[in-house]
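Here is what each chain is made of, one letter per residue.
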Amino acid sequence: MKFVLFCLALNAPAAFGALTFEKDVRPILKTHCTHCHGEEEKPEGGVDLRLRRFMTEIIKPGKPSESKLVEVVRSGEMPEKGKPLAAAEMKIIEQWIAEGAVTARPEPETLAPGSLITDEDRAWWAFQPVKRPPVPTVGKDAQRIRNPIDSFVVAKLTEKSISLAPEADRRALIRRVSLDLTGLLPTPEQVLAFEQDTSPLAYENLIERLLASKSYGERWARHWLDVAGFAESNGASEADSPRPTAWRYRDYVIRAFNDDKPWDEFVQEQLAGDELALANHNDYQAAVSEPKRREQLIATSFMTLAPNATADGPPDQKLAANQHIAEQMKVMTSALLGVTVACAQCHDHRYDPITQVDYYKLRALFDPAFFWQGWRSPLRRVYSLYTPEERAKAEQIEAAAKKIEDEARAMGKKFLDEIFEVEILKLPEADRAAYRTARATPTAKQTPEQKALLKKYPSALALYSLNLYDQKKQDIVDAKMAEATKLRATKPVENFITAFTELGGQYSPSHLFYRGDHEQPKQEVQPGELGIIGKDLHFTPTKANSTGRRLAYAQWLTSGKHPLLARVLVNRFWLHHMGRGIVNTPADFGKLGELPTHPELLDWLADEFVKSGWKLKTLHRLILLSSTYRQSSNNQTSVAADPENRWYGRFKIRRLDAEAFRDSMLAATGTLVQTSGGPSSGIGRDPQGRIITGIDKGTITVNKVDPAGAADFRRSIYIEVRRSKPLTVLDTFDAPAMSPNCEMRNQTTVAPQSLLLMNDTFMLENTRRLADYLAAQFPNDRTRQLQHAWELLYARRASQSDLERCLAFLEEQTKSLTQYHHDIQHPKGVVPNPPQEAMASLCQILCGSNRFLYIE
């Protein structure tokens, strides 16, 4: 009877408000304990903490002080590995035992080894299907409602007793949305035209113009390249060897944004473009000859972007290959799934319902293309764009060029032999026969006596350096080599792409690696989706003899039924517009991430995005046309009640990111070169140790960078991205290090930023250019120069007070510089210009001000 009562108590539902094992205790044990006590095939010490029913020997319901579990944790004996339990966690366990150690529901009688996914795990918000919620009806601020976004935001603000901020003025709005969509400042002419536009659709027309600009794709591609981990070097080793074809993926992404390529197609191409293009490693020529299929192949470069030491001859190639695979899986899952799947590589996830088996099932989808047992280094994933006709023509030209070279070599040998017959006559007659034999003997087969004889009469050898004997004959031979070179220049240009492909049926079974070690494979795993999502995938091999695994997964991912992808994407888009994500941990929708502030809005946006054909420009319009986006940054009630702007009661002021800062500086001075696409502009380390744009002329001992002309002034997205050599001006302002990718950029405020604004040649040279530009536009009119500077940099008119203070500064600075130049001796030819130098100083102040550096 007692046993029956005990079982009933054990499995009785918890009373209202009481702690339960499933909700309160199991997450703590999963974090600290079950990786040793339950998830292994043989739990340590025979103690399994996955179920309450397994714990009868170590807890006494109602008596925490007599429970072995409490004793070993309090003493520090457990957990043996990792961090000890926090005091709050210990208190929960003790309270749960004191309340009777109850469960929320009956537990299973038995449990297979491994991780346990519970109903609480399945109920986590991010793993629920996306359901379109009803748009709330609001009374307060109803006149400000422009679209459903405003309804969701105002409804939440009303709960917090906050109202929307007033709408931003037109000058603030055009500067904001121009930088947001294109990463560039609006010109003074564009600002004035928008300000004076009386059309009721003036703002809508502005957005359409910006979305149609090629600068839009160059701006928004950068956001995706962060998440994708784009870099033009392999990283992972000191050599950091270059990836000469990586720029083609960058250009693919820019084109995709400008063309408003649907995101279901965009994602499918990056995961399985080779399978869409019906190509594999050995059969790709037909695909690269068709523009669309070639684009699909280029898109798969996404799956090669993680750091990769195998390019630089690591001591353990298989280890390096598996490290690259692990990093690439982290990139893929953080970019598309928004959960920390990579944490399950070595063991079950400590917090989220993702098992180690799940990790290797997901990896198995990609294993036939990775195929680490038959690893292909980065250079072996490079494919020529030659057509069969171009290749045949190139081979024909090469054969003709080699024939010319053979003729040139024969001609040179004939000339040298003729010279030899003259020179040998200068030797004693007794040595001539032996010398002739020695000369005709290959070097490796010459006897010591022959070598000595040749050394005795070196001028008679006439085997090399025809020019030492007869320059005219050397010129004849050189002309014949030049002919071959000229002929080779007529070959069709051979371009290359990088692609992620399978080997046409060559791959090995996938296994779970014990503690993530590829040298300790355990059971074979079949490719599949995360268990918590619970989708069975079916694979159909392609006509190119590819497994079809990645294509099946990509199609499921973009079906509109996957619970994560659309949420993850719209959350990122919202973050870039609003300065804060609805989930402000954009790559972690799990239990360690932040909860969504507006879960209904997130699901409405995700559903709307899918129903609108996965079109990003449609979503841009929705967000940008909302009153929520158009708010000013001034709302004291919101600032006081919501300092982090979680409820979006104002526009969040934020600093220009690194690329927008550099590009806007160049644009303001009129030096920005807006040529699009193609190989990246080069970089190098200058004598001061900074990484700048230009032609790298450095050696092992000397740092030197030569100017590269217009290439130095291209938009930042077209500047080479080397993992070991980040451009100094971008690095200082928080451009991300791709290790392996950037899930969300940091925004720091540190001393090196101020030092760069004061001392770096980038600032000094560009502010001098700005001063010269203003002088050329408005000669001898300081007031108009200053007014135009305000319009260029701030999209504002300078106030009378601003003008008076600047004119006073210019007068004082000119006097100081005049005295300075009077007191020093200048190099010959240097003519100082104190008034213009003063203007350059003022431009430096204006460009280093918060008005320029921040978006309001």
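Residues numbered from 1 in each chain as written. Predicted model: local features only at pLDDT ≥ 70, side-chain atom pairs only at ≥ 80, totals over all residues. Heavy atoms only, no water.

(A) Molecular detail of the overall build of the chain. Looking only at helices and strands, the chain has 35 helices and 10 strands in total. Based on the C-alpha atoms only, the size of the chain along its principal axes is roughly 125 × 80 × 55 Å. Evaluated residue by residue, the chain yields a buried proportion of 52% over its 856 residues. The contacts in the chain between residues at least 6 apart in sequence include a share of 71% that link residues at least 24 apart. Just so you have it, the chain exposes about 39,200 Å², and 55% of that area is on carbon and sulfur atoms. Side chains of the chain carry 111 positive and 110 negative charges; the gap between the two charge centres is 2 Å. (Helix = DSSP H or I, 4+ residues; strand = E, 2+ residues; numbered from the N terminus. Buried < 20%, exposed > 50% of the residue type's maximum accessible area, 1.4 Å probe, protein only. Contact = heavy atoms within 4.5 Å. Areas by Shrake-Rupley, 256 points an atom, 1.4 Å probe, with all protein chains shown as cover. Lys, Arg positive; Asp, Glu negative; His and termini not counted. Charge placed at Lys NZ, Arg CZ, Asp CG, Glu CD.)

(B) Broad picture of the environment of P458. Counting through the fold element by element, P458 comes out in the loop between α20 (448–456) and α21 (471–488). Since its relative accessible area comes to 53%, P458 is described here as exposed. Setting aside residues up to four positions removed in sequence, P458 forms contacts with Y435 and Y469.

(C) Here's a closer look at the pattern of salt bridges. Scanning the model with the defined rule gives 62 salt bridges in all. Two residues, R171 and E195, come together in a salt bridge whose shortest N-O distance is 3.0 Å. With R171 in helix α7 (residues 170–182) and E195 in helix α8 (residues 188–196), the pair connects residues that are 24 residues apart, well separated along the chain. Among the ionic pairs, R439 bridges to D417, the shortest N-O distance being 3.2 Å. Placement of R439 in helix α19 (residues 429–440) and of D417 in helix α18 (residues 388–423) is noted, with a sequence separation of 22 residues between them. One salt-bridge network, in which partners are shared between bridges, spans K214, E218, R662, D663 and R715. (Salt bridge = Lys/Arg side-chain N within 4 Å of Asp/Glu carboxyl O.)

(D) Looking closely at α19. Between its first and last C-alpha atoms α19 spans 18 Å; for 12 residues at 1.5 Å apiece the expected length is 16 Å, and the two agree. Among the residues of α19, D431, Y435, A438 and R439 are the ones counted as buried. Seen from one end, α19 has its buried residues packed into an arc of 90 degrees, which puts them on one side. More than 90 degrees from the buried face of α19, the exposed residues found are E429, A433 and A440. Each element contacted by the buried residues of α19 is listed here: α18 and α20. (Expected span 1.5 Å × (residues − 1). Arc of directions from axis to C-beta.)

(E) Region of interest: the packing of α7 against α8. Running from amino to carboxyl end, α7 crosses α8 at an angle of 130 degrees, the nearest separation of the two axes being 9 Å. When the axis of α7 is compared with that of α8, the two are oblique. Crossing geometry of α7 relative to α8 is assigned as right-handed. In contact with R170, R171 and I174 of α7, α8 contributes Q190, V191, L192, F194 and E195. Taken together, the residues that form the contact of α7 with α8 break down as four nonpolar, one polar and three charged. (Axes fitted to C-alpha atoms, helices over the stretch in contact; angles between N-to-C directions. Parallel < 35°, antiparallel > 145°, perpendicular 65-115°, else oblique. Left-handed = near helix turned anticlockwise from the far one by under 90°. Nonpolar A, V, L, I, M, F, W, Y, C, P; charged D, E, K, R; others polar.)

(F) Quick look at empty space enclosed by the protein. Scanning the entire structure with this criterion turns up four cavities of 30 Å³ or more. Of the volumes computed, that of the largest cavity is approximately 80 Å³. Taken together, W220, H223, W224, V227, F257, W263, L569, R572, F573 and H576 make up the full set of residues lining the largest cavity. Those elements that provide at least two residues to the lining of the largest cavity are α10 (214–228) and α23 (565–578). Its residues placed into classes, the lining of the largest cavity shows seven nonpolar, two polar and one charged. (1 Å grid on protein atoms, 1.4 Å probe; cavity = no way out; pocket = protein on both sides within 12 Å on 5 of 7 lines; lining within 4 Å. Points joined across faces, edges and corners; volume = space filled by probe spheres on them.)

(G) Representation of the confidence of the model for the chain in the model. In this model, the chain carries an average pLDDT of 94, and 98% of its residues clear a pLDDT of 70 or more. Ignoring residues within four places in sequence, the model shows residues 1–16, a span with pLDDT below 50, making 18 contacts including any to other chains. (pLDDT = per-residue confidence, 0-100.)

(H) Representation of unusual backbone geometry. With an omega of -5 degrees, the peptide bond running from M78 to P79 counts as cis. Considering the arrangement of structural elements, one finds P79 in the loop between α3 (68–74) and α4 (87–98). Look at the link from S739 to P740: it is a cis peptide, with omega at 0 degrees. By the secondary structure assignment, P740 is in the loop between α29 (728–732) and α30 (751–759).

(I) Region of interest: the packing of aromatic side chains. All chains considered together, the criterion is met by 30 aromatic pairs. With a centroid separation of 5.3 Å and 85 degrees between ring planes, the pair formed by W224 and W263 is classed as edge-to-face. You can see W224 sitting in helix α10 and its partner W263 sitting in helix α12 (residues 263–276), a full 39 residues away along the chain. Looking at W224, the relative accessible area reads 4%, which means it is buried. You can call W263 buried: its relative accessible area is 3%. Aromatic side chains F661 and F762 sit 6.2 Å apart centroid to centroid with 55 degrees between the ring planes, which places their arrangement in the tilted category. Separated by 101 residues along the polypeptide, F661 in helix α28 (residues 658–668) and F762 in helix α31 (residues 761–777) bring together distant segments of the chain. Of the two residues, F661 and F762, neither departs from the other in class, the shared state being buried. Ring pairs connect the aromatic residues Y216, W224, F230, Y249, Y252, F257, W263, F266, F302, F573, F609 and W614, which therefore count as one cluster. A cation over a ring is seen here: R439 above F420, with NZ or CZ 4.1 Å from the ring centre. Against the face of W556 rests K535, its NZ or CZ located 5.2 Å from the ring centre. (Phe/Tyr/Trp six-rings, centres within 6.5 Å; stacked < 30°, edge-to-face > 60°. Lys NZ or Arg CZ within 6 Å of the ring centre and 35° of its normal.)

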